[in-house]
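Structural description and commentary
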Amino acid sequence: MTVDAATIVARCDELAAVTATPGQITRVYLSPEHARVNTIVARWMQDAGMTTWQDDAGNLHGSVPGATDDAPVLLVGSHLDTVVDAGRYDGIVGVLMGIAAVARIRAEHGALPFGIQVIAFSDEEGTRFGKALLGSSAVAGVWDEAWWELTDAEGVSLRKAFTDFGLDPSRVGDAAVDPSRLVGYLEAHIEQGPYLEQADQALGVVTSIASARRFTVEAVGEARHAGGTPYERRHDALLAAAEAALAVERICRASQHVGTVGTMTVEPGAVNVVPGLAHFSVDLRGEFDEGRDRVWDEITKAFALIGERRGVSVEPTEVHRAPAVFCAPRLMDAVRAGIVATGSPAPMELFSRAGHDAMSLGLVTDVAMLFLRNPDGISHHPDEFVSEADIALGLDALVTAITTLAAEPS
Ligand code: HGY
Ligand code: MN
Ligand code: MN
């Protein structure tokens, strides 16, 4: 069965209905919605002729064999989990394009010199446990035992969530692929930024993916009466956190990085009590690891000064760190050839400021990415969009990229 762009759009709509929160799209790791989309997408993989399985970290795989028994494997993937109140294309469209590409290649080319394995990663966003890329870290074989103690907002540990989902934590290592068998990893994804649209290009070749770190920060002051406590006696945790958030913006702006405080909670959370405790997150990204780390040092110094001045301790804990990943010239050439074949003679090259599953795979094999135009650059928002026409071009480019690789001498 062939799968065209209209079918991909319809499937994105169908998966958008699988949500923990009616009226929004919120689908997190190891949730009932995660299990549900794996079941639906497995059926689509099977319709495309693939053998399917769920691995020991909850990622869904579908594969078609290569022309020979010992053929290597090309991985193609993206993720099915979402942020809170997400759009319907981030990650999802890349998985569905991978399935559609396999269906078309089987119909038009038969078996290639390599097998193709499409992976629908289970956790890219880190929405539930703070640490992003859990699914692809398991596949890359870079799982860290310390992650088992991560907890979600309800205090459920990652270890318990695994067991509740029917997975055995002691077997997570079995989700790892054997890098020696891989041709590489390709991922199609919406750009999540405005640059392709500004350049009037439907598709682009990714050169590298931003280096990222994420932190939770605890600001501990003192809760006191909102009327009776003079300013000089206050240790207001919220005001320290607010100043810290402004420092993140100031320091990142001045250094061509992006830093975001995306969550903040205050305790005890009463209208007539000076906040004694604040928790907030910091997401920091830059093109290179060294610059990112220099900027984080500057931010922590600013936090310490703010805390000292206000008598509030401001303590960050790192929850996620991913190095910058550089795409492999050989795979980038194939992606470029794919875009050129769609009638765009000089494909735009761009650096990804967003994180992707390709970051984990890039630790063990060659990776490349194909970006699709994302009108207004809006993503992580319900208005996120990619046109059916651009998906059609992207699918043509992905198929050509894969067949270009297949035509290369091994
Ligand atoms: O946050 C990110 O960069 C990605 O969309 N998960
Ligand atoms: Mn995302
Ligand atoms: Mn994504």
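Higher on the page you've got the structure.
Calculation criteria
Residues numbered from 1 in each chain as written. Chains lettered and ligands numbered in written order. Predicted model: local features only at pLDDT ≥ 70, side-chain atom pairs only at ≥ 80, totals over all residues. Heavy atoms only, no water. Buried < 20%, exposed > 50% of the residue type's maximum accessible area, 1.4 Å probe, protein only. Helix = DSSP H or I, 4+ residues; strand = E, 2+ residues; numbered from the N terminus. Pairing = 2+ DSSP bridges. Phe/Tyr/Trp six-rings, centres within 6.5 Å; stacked < 30°, edge-to-face > 60°. Arc of directions from axis to C-beta. Contact = heavy atoms within 4.5 Å. Donors = N, O, S within 2.8 Å, 3.2 Å for Na, K, Ca; no water. Polar contact = N/O pair within 3.5 Å; in protein donor to acceptor, adjacent residues only side chain to side chain. Near = heavy atom within 4 Å. Areas by Shrake-Rupley, 256 points an atom, 1.4 Å probe, with all protein chains shown as cover. Nonpolar A, V, L, I, M, F, W, Y, C, P; charged D, E, K, R; others polar. Axes fitted to C-alpha atoms, helices over the stretch in contact; angles between N-to-C directions. Parallel < 35°, antiparallel > 145°, perpendicular 65-115°, else oblique. Left-handed = near helix turned anticlockwise from the far one by under 90°.

1. Let's talk about the pairing of strand 5 (residues 182-190)
Counted residue by residue, strand 5 has 9 buried out of 9 residues, so it is predominantly covered. One ladder, built from 6 bridges, connects strand 5 with strand 16 (residues 367-372); its direction is parallel. Looking at strand 16, one finds that Leu-186 is bridged to Ala-368.

2. Thoughts on the packing of aromatic side chains
Following the criterion strictly, the structure yields 11 aromatic pairs and no others. Both rings, one in Trp-148 and one in Phe-162, keep their centres 4.8 Å apart while their planes meet at 85°; by these two values the pair is edge-to-face. You can see Trp-148 sitting in the loop between helix 4 (134-140) and helix 5 (158-165) and its partner Phe-162 sitting in helix 5, a full 14 residues away along the chain. Summarising the burial analysis for this pair, Trp-148 and Phe-162 share the class buried. Through a chain of ring-to-ring contacts, three or more aromatic side chains come together here, namely Tyr-29, Trp-143, Trp-147, Trp-148 and Phe-162.

3. Description of helix 5
For helix 5, the set of buried residues is Leu-158, Ala-161, Phe-162 and Phe-165. Around the axis of helix 5, the buried residues are gathered within 105° of arc, so they sit on the same side. Its buried side turned inward, helix 5 meets helix 2 (32-47), strand 1 (51-54) and helix 4. Two residues or fewer after helix 5 comes Gly-166, characterised by a positive phi angle close to 95°.

4. A short note on the coordination of the manganese ion (ligand 3)
On the protein side, the manganese ion (ligand 3) has His-79 (NE2), Asp-90 (OD) and His-189 (NE2) as donor atoms, found 2.0 to 2.2 Å from it. Read N to C, the donor residues that coordinate the manganese ion (ligand 3) are spaced as H-x10-D-x98-H. We classify His-79 as buried; its relative accessible area is 0%. The exposure class of His-189 is buried, given its relative accessible area of 0%.

5. With respect to the environment of Val-273
By secondary structure assignment, the location of Val-273 is in strand 11 (residues 273-274). The residues contacting Val-273, other than those within four sequence positions of it, are Ala-223, Arg-224, Ala-226 and Pro-268.

6. Here we look at the environment of Gly-338
Within the secondary structure, Gly-338 is located in helix 9 (residues 329-341). Taking relative accessible area as the criterion, Gly-338 reaches 0% and is therefore assigned buried. With 267 residues separating them in the primary sequence, Gly-338 and Ala-71 have C-alpha atoms 23 Å apart. Every residue in contact with Gly-338, bar those within four places of it in the chain, is listed here: Ala-397, Thr-400 and Ala-401.

7. Observations regarding the side chain of His-257
On the secondary structure map, His-257 appears in the loop between helix 7 (237-254) and strand 9 (258-260). At 2.7 Å, the side chain of His-257 forms a polar contact with the backbone oxygen of Ser-255. At 3.3 Å, the side chain of His-257 and the backbone nitrogen of Arg-292 are in polar contact. Contacts of His-257, omitting those with residues within four sequence positions, involve Cys-252, Leu-284, Arg-285, Gly-286, Gly-291, Arg-292 and Val-295.

8. Quick look at the site of ligand 1
Close contacts around ligand 1 come from Asp-90, Glu-124, Glu-125, Gln-192, Arg-214, Arg-285, Ala-354, Gly-355 and His-380, and that covers them all. Within the complex, the protein chains bury 95% of what would otherwise be the 220 Å² of accessible surface of ligand 1. Residue classes in the shell around ligand 1 are distributed as 1 nonpolar, 3 polar and 5 charged.

9. Observations concerning the packing of helix 1 (residues 5-16) against helix 3 (residues 92-109)
Taken N-terminus to C-terminus, the directions of helix 1 and helix 3 make an angle of 135°; their axes are 10 Å apart at the nearest point. Relative to helix 3, helix 1 is oriented oblique. Judged by the twist between their axes, the crossing of helix 1 over helix 3 is right-handed. Of the residues in helix 3, those in contact with Ile-8, Arg-11, Cys-12 and Leu-15 of helix 1 are Ile-92, Val-93, Leu-96, Met-97, Ile-99 and Ala-100. In the contact of helix 1 with helix 3, the residues fall into 9 nonpolar, no polar and 1 charged.

10. Focus on the coordination of the manganese ion (ligand 2)
Every protein donor of the manganese ion (ligand 2) is accounted for by Asp-90 (OD), Glu-125 (OE), Glu-125 (OE) and His-380 (NE2), and the metal-donor separations fall at 2.0 to 2.7 Å. Written as a sequence motif, the donor residues of the manganese ion (ligand 2) are D-x34-E-x254-H. Taken as a pair, the manganese ion (ligand 2) and the manganese ion (ligand 3) lie 3.5 Å from each other and share Asp-90 as a ligand. Of this pair, Asp-90 sits in the loop between strand 3 (73-79) and helix 3 while His-380 is found in the loop between strand 16 and helix 11 (388-407), placing the two residues 290 residues apart along the sequence. Since its relative accessible area comes to 5%, Asp-90 is described here as buried. On the basis of relative accessible area, His-380 is assigned to the partly exposed category, the value being 39%.

Honestly, that's just the spatial picture; any functional story needs more than this.
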